[in-house]
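This is what each chain is made of:
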Amino acid sequence: MRLAKPVVLGMRKQARRALCRVPQLQTAQFLSIHKPGSILVDLRAAALFTRGFIPGSYHLTGLHSVGFLRQNVRPEQGTVYLIGKCEGPRRVVRNFARHRLEIAGWFHPEVLHLWQAARGALATIEELDPEPLTVRLAAWKTVVLDLREPDAFRLARVPDALNLSLCNLRASIAGLPHESALTIVCDTGDKSSFAASLLWNLSYRNVAILRGGFRRYLEAGMPVIRG
């Protein structure tokens, strides 16, 4: 039996809507659903993430970093659970799918309290202002990893900073001792929290990010190397 065209179109539209839905999962499901083979992505604001996050999670401030996430996790990792409200689910699902990542659902941030009660303290990442960073640099107490484009880095940079790309950050830091004190710098700070969460998952625990990025560092009149 042939279906009328409006019915067929309606069924297709409903199927597309279903594929682009991101189901909200119950908080009580979290401990049993989230497993080592999956990827936990935290969508909260960077300031909230750095103050306390579930160990093993990655922080994204926007969809522009999804490609970097795919490039820096293991190939067999493809199932994603989100923490935080999934705004614009159709666009989010398509963006993750473009990078071979499937979103299984999202959890309310209250899962952090559940994790704390069951597993212990949350992980944290330090946020540095320009002045304290300068003090640490003068005392050789941190290594600065600059994520900006090479042209911008050559134009002006923090003294002794290393220019690395988010595309291959995992490979770029191979061999760097895990006890190294690292400070992450990007243009405005929006990519630093993702890079810091990636480094945390690679067993670098002494990681900080420059609050406000290199732009704020310049505005504060801190020492730079030019050319």
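Figured I'd write up the structure that's included with this text. (Residues numbered from 1 in each chain as written. Predicted model: local features only at pLDDT ≥ 70, side-chain atom pairs only at ≥ 80, totals over all residues. Heavy atoms only, no water.)

### What about the sheet that holds strand β2 (residues 57–59)?
Link 1 in the chain: Strand order across the open sheet formed by four strands is β2-β1-β3-β4, with parallel pairing between neighbours. A strand with exactly one partner marks an edge of an open sheet, and here the two such strands are β2 and β4 (102–107). When the angles between neighbouring strand axes are averaged without regard to direction, this sheet yields 30°.
Link 2 in the chain: Two elements, strand β3 (residues 79–83) and β4, share five bridges in a ladder whose sense is parallel. Within β4, the position partnered with T79 by the bridge is E102. (Pairing = 2+ DSSP bridges. Helix = DSSP H or I, 4+ residues; strand = E, 2+ residues; numbered from the N terminus. Axes fitted to C-alpha atoms, helices over the stretch in contact; angles between N-to-C directions.)

### Side note on the environment of F194
Link 1 in the chain: Along the chain, the position of F194 falls in helix α10 (residues 192–201).
Link 2 in the chain: Between the alpha carbons of F194 and A121 there is a distance of 20 Å; along the sequence they are 73 residues apart.
Link 3 in the chain: In this structure F194 touches Y58, H59, L60, S65, F68, L69 and L166, once residues within four positions along its chain are discounted. (Contact = heavy atoms within 4.5 Å.)

### Considering the nonpolar core
Link 1 in the chain: The biggest cluster of nonpolar side chains holds 41 residues, and the ones touching the most others in it are L69, L82, F96, I184 and L199.
Link 2 in the chain: Among the secondary structure elements, those contributing two or more residues to this core are β1 (39–42), α4 (66–72), β3, α5 (89–98), β4, β9 (182–185), α10 and β10 (207–210).
Link 3 in the chain: Ranked by the residues each element gives to this core, the list is headed by α10, at six residues.
Link 4 in the chain: Ranked by size, the runner-up nonpolar core spans 14 residues in total, among them A156, A161, A208 and F214. (Core = buried A, V, L, I, M, F, W, Y, C linked by side-chain atoms within 4.5 Å. Buried < 20%, exposed > 50% of the residue type's maximum accessible area, 1.4 Å probe, protein only.)

### Structural notes on the sheet that holds β10
Link 1 in the chain: In spatial order, the strands read β5-β10-β9-β6-β8; together these five strands make up an open sheet with parallel pairing. The open sheet terminates on both sides in strands that have one partner only, identified here as β5 (126–128) and β8 (162–163).
Link 2 in the chain: In this sheet, β8 lies alongside strand β6 (residues 143–146) in parallel orientation, the contact comprising two bridges. Within β8, the residue paired with D146 across the bridge is N163.
Link 3 in the chain: Across the sheet, α10 lies against β6, β9 and β10, angled at about 150° from β9, the strand it touches most.

### Things to note about α5
Link 1 in the chain: Those residues of α5 not exposed but buried are V92, V93, N95 and F96. Viewed along the axis of α5, the buried residues span an arc of 165°, placing them on a single side of the element. Turned more than 90 degrees from where α5 packs its buried face, R91 and R98 sit exposed.
Link 2 in the chain: After α5 finishes, the residue R100 shows a positive phi value of roughly 60°. (Arc of directions from axis to C-beta.)

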